[in-house]
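Residue-level structural notes
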Amino acid sequence: MQITAKTLLALLLIVVTPLGCKHKPGGGSGNDIIVGEYGSMTGTEATFGQSTDEGIQLATDQVNQAGGLLGKQVKIIARDDQGSQDQAVSVVKELINREHAVAILGEVASTNSLAGGQVCEKAKVPMISPSSTNPKVTQGKQFVYRVCFTDDFQAKGDADFVSRRGWKNVAVLTAADSDYSNGLATFFKEEFKSHGSVVADEEYRKDDRDFKPQLTRIKAASPDVVYVPGYYTQVINILKQARELGLTVPFVGGDGWDSEATLKAPQADGCFFSNHYSPDEPRLEVQEFVKAYRAKFNKIPDAMAVTGYDAARVLFDAIKRAGSIDPIAISDAIAQTKNFPGASGTITVDAQHNARKPIVMLEIRGGKTTIADTIPPQ
């Protein structure tokens with residue numbers, strides 16, 4: 001068949017036009033600004049992802065009701081990573097490449113933030129972790145941020161708290177396959193050297209169900225307190241089995257303990273954990289957040305909800321200040337965040353992309369928490 005000049009021009013238009021109209025990742029679409037979110041909506045740590053999502057929903061409702069950003073509404077596209085590193089990588093790639101998200105919110109678990117953060121770093125799309133505390137999450141990263149304290153600070157606060165209680169002999173029980181647990185345990189043991197002695201140092205794996213061999217060895221070491229920097233799903237079983245063995249000393253942990261399930265476990269009475277906030281704090285930002293959250297979800301927010309709320313609000317503030325939906329411009333604005341009035345405390349992003357935040361130490365009694373101590377930011 002003979003190809004005429006007219007036919008050739010038509011063919012060239014067919015080839016060229018799709019390329020010219022191709023939407024660049026991070027470009028937004030229509031009347032919406034697309035923000036991606038990933039977290040463990042299902043799986044063993046599902047309450048983390050669900051609570052974070054609720055905090056993000058509340059912040060998004062508030063910004064959209066106030067007129068949105070840059071003349072557009074914010075649209076959150078959430079994906080479930082099922083608590084899996086591989087799935088975290090997959091869903092973040094989808095949010096950036098297919099959904100064209102201008103920024104990413106997530107994750108809670110440090111292991112999954114490390115996985116998803118690598119994707120964001122390569123794509124040059126900013127990511128804010130609400131509550132991943134392992135220092136490695138932002139270490140050496142240009143586009144990954146967090147709005148929570150880090151494990152080095154949290155562990156130091158935990159060690160100081162244990163010391164101030166007069167406990168000199170501590171046992172440590174660590175999840176060997178968790179970046180979060182390993183980070184906290186390492187920093188805690190290093191800090192506690194100047195306060196007392198680590199009389200037992202045991203490990204378990206996240207999928208374990210039987211902790212009695214480790215707990216039996218811990219009991220034999222006669223500690224004053226046991227430090228368990230794990231997630232609530234394992235901590236509840238650890239506490240139950242410890243009490244069954246007659247190990248009655250207090251247990252102390254980090255923010256991974258924060259769950260309604262932990263508070264409901266009778267074996268947790270008299271135990272302590274460090275956290276991002278308490279709903280009983282009198283600060284105006286806390287009380288306004290708790291009131292709005294209860295009105296929307298009919299329950300008291302946990303720490304994952306408040307850090308999800310703050311992560312979203314810091315991002316929205318950065319987009320507004322950037323005056324742009326360009327991911328690099330948004331990232332630069334996040335880096336310039338100073339004295340932002342968060343519900344979890346005043347947020348200033350430092351040169352390492354971390355937010356040095358105050359810590360509250362909470363005591364569990366009768367299914368509720370009370371503030372046992374407050375540790376100011378470094």
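Everything that follows concerns the structure shown earlier in this document.
The structure contained in this document is the topic of the report that follows.

Rules of the game
Positions within a chain are numbered from 1, following the residues in the order the chain's sequence is written. The model is predicted, so local features are restricted to residues of pLDDT at least 70 and side-chain atom pairs to those at 80 or more, both for listing and for counting; the totals for chains, interfaces and linings are taken over all residues. To get the side-chain values, take all heavy atoms of the structure and skip hydrogens and water. By definition here, a salt bridge exists when the distance from a side-chain nitrogen of Lys or Arg to a carboxyl oxygen of Asp or Glu is within 4 Å. For every residue, the accessible area (1.4 Å probe, protein chains only) is compared with the maximum for its type, and the residue is labelled buried under 20%, exposed over 50%, or partly exposed between those bounds. A helix here means a DSSP run of H or I that spans at least four residues, while a strand means a run of E at least two residues long, and both kinds are numbered starting from the N terminus. Lines fitted to the C-alpha atoms define the axes, with helices restricted to the stretch that makes contact. Angles between their N-to-C directions range from 0 to 180 degrees. The scheme is simple: roughly parallel for angles under 35 degrees, roughly antiparallel for over 145, roughly perpendicular for 65 to 115, oblique for anything else. Contacts: residue pairs with any heavy atoms within 4.5 Å of one another. Side-chain classes follow a simple rule in which Ala, Val, Leu, Ile, Met, Phe, Trp, Tyr, Cys and Pro form the nonpolar group, Asp, Glu, Lys and Arg form the charged group, and the remainder, Gly included, forms the polar group. What is meant by a nonpolar core is a set of buried Ala, Val, Leu, Ile, Met, Phe, Trp, Tyr and Cys residues, joined one to another through side-chain atoms within 4.5 Å. Two strands form a pair only when DSSP identifies at least two bridges running between them. With the strands aimed away from the viewer, a crossover counts as right-handed if its path from the first strand over the helix to the second runs clockwise. Under the rule applied, a polar contact is a pair of N or O atoms within 3.5 Å (in protein, one hydrogen donor and one hydrogen acceptor; residues adjacent in sequence only if both atoms are side-chain atoms).

Pairing is possible between side chains that carry opposite charge, provided their charged atoms lie close to one another. Overall, the coordinates contain 18 salt bridges when judged by the stated rule. Linking Arg98 and Glu94 is a salt bridge whose minimum nitrogen-to-oxygen distance equals 3.8 Å. A relative accessible area of 60% means that Arg98 is categorised as exposed. Close ionic contact of Glu202 with Arg217 constitutes a salt bridge, the shortest N to O distance being 2.9 Å. Placement of the pair is Glu202 in strand β7 (residues 197-204) and Arg217 in helix α7 (residues 212-220), with a sequence separation of 15 residues. Judged by its relative accessible area of 45%, Arg217 is partly exposed. Within the structure, one salt-bridge network assembled from shared partners comprises Arg79, Glu94, Arg98 and Glu99.

Attention now goes to the packing of helix α2 (residues 46-65) against helix α10 (residues 284-297). Taken N-terminus to C-terminus, the directions of α2 and α10 make an angle of 100°; their axes are 11 Å apart at the nearest point. Put simply, α2 runs roughly perpendicular to α10. Residue-level inspection shows Glu54, Gly55, Gln57, Leu58, Asp61 and Gln62 of α2 in contact with α10, the latter providing Phe289, Ala292, Tyr293, Lys296 and Phe297. Its residues assigned to classes, the contact of α2 with α10 comprises five nonpolar, three polar and three charged.

Before going further, it helps to spend a moment on the nonpolar core. Among the nonpolar cores identified, the biggest contains 94 residues, and Ile128, Phe188, Leu215, Phe251, Phe289 and Leu315 are the most heavily contacted of them. Sequence-distant contacts of Phe251, that is, excluding residues within four places in its chain, are made with Leu215, Val226, Val228, Ile238, Leu239, Ala242, Arg243, Trp257, Cys271 and Phe272. Listed in part, the 18 residues of the second largest apolar core include Val91, Ile96, Cys120 and Val137.

For the bond from Gly106 to Glu107, the omega torsion is 5°, close enough to zero to count as cis. Although it is not a glycine, Ser222 adopts a positive phi angle of roughly 55°. Inspection of the secondary structure assignment puts Ser222 in the loop between α7 and β8 (225-227). According to the relative accessible area criterion, Ser222 is exposed, its value standing at 51%.

Counting buried residues in strand β13 (residues 359-365) gives six out of seven residues, a clear majority hidden from the surface. The pairing of strand β10 (residues 272-275) with β13 spans four bridges and is classified as antiparallel. Note that in β13 the partner of Phe272 across the bridge is Glu363. As paired strands, β13 and strand β14 (residues 368-375) are joined by seven bridges and run antiparallel to one another. Bridge pairing links Ile359 to Ile375 in β14. Between the end of β13 and the start of β14, which pair antiparallel, lie two residues, with Gly366 showing a positive phi angle near 60°.

Turning next to the pairing of β7. Both faces of the sheet carry side chains from a regular strand, because those side chains alternate between them. Pairing between strand β6 (residues 169-175) and β7: seven bridges, direction parallel. Pairing of Thr174 across the sheet is with Glu203, part of β7. In this region the chain leaves β6, passes through helix α6 (residues 179-192) and returns to the parallel neighbour β7; the handedness of that crossover is right-handed.

Below, the discussion takes up the side chain of Asn354. You can see Asn354 is positioned in the loop between β12 (345-347) and β13. At 2.7 Å, the side chain of Asn354 and the side chain of Arg146 are in polar contact. With residues near it in sequence (within four places) discarded, Asn354 still touches Thr138, Arg146, Thr150, Thr348 and Val349.

With mixed pairing, seven strands are arranged side by side in an open sheet as β7-β6-β8-β9-β10-β13-β14. Here the strands that pair on one side only, and so sit at the sheet edges, are β7 and β14. Recorded for the sheet is a direction-independent mean angle of 25° between the axes of neighbouring strands. Across three bridges, the pairing between β6 and β8 is parallel. Of the residues in β8, the one forming a bridge with Val172 is Tyr227. Strand contacts of helix α8 (residues 232-244): β6, β7 and β9 (251-253), with the helix running at about 170° to β9, the strand carrying the most contacts.

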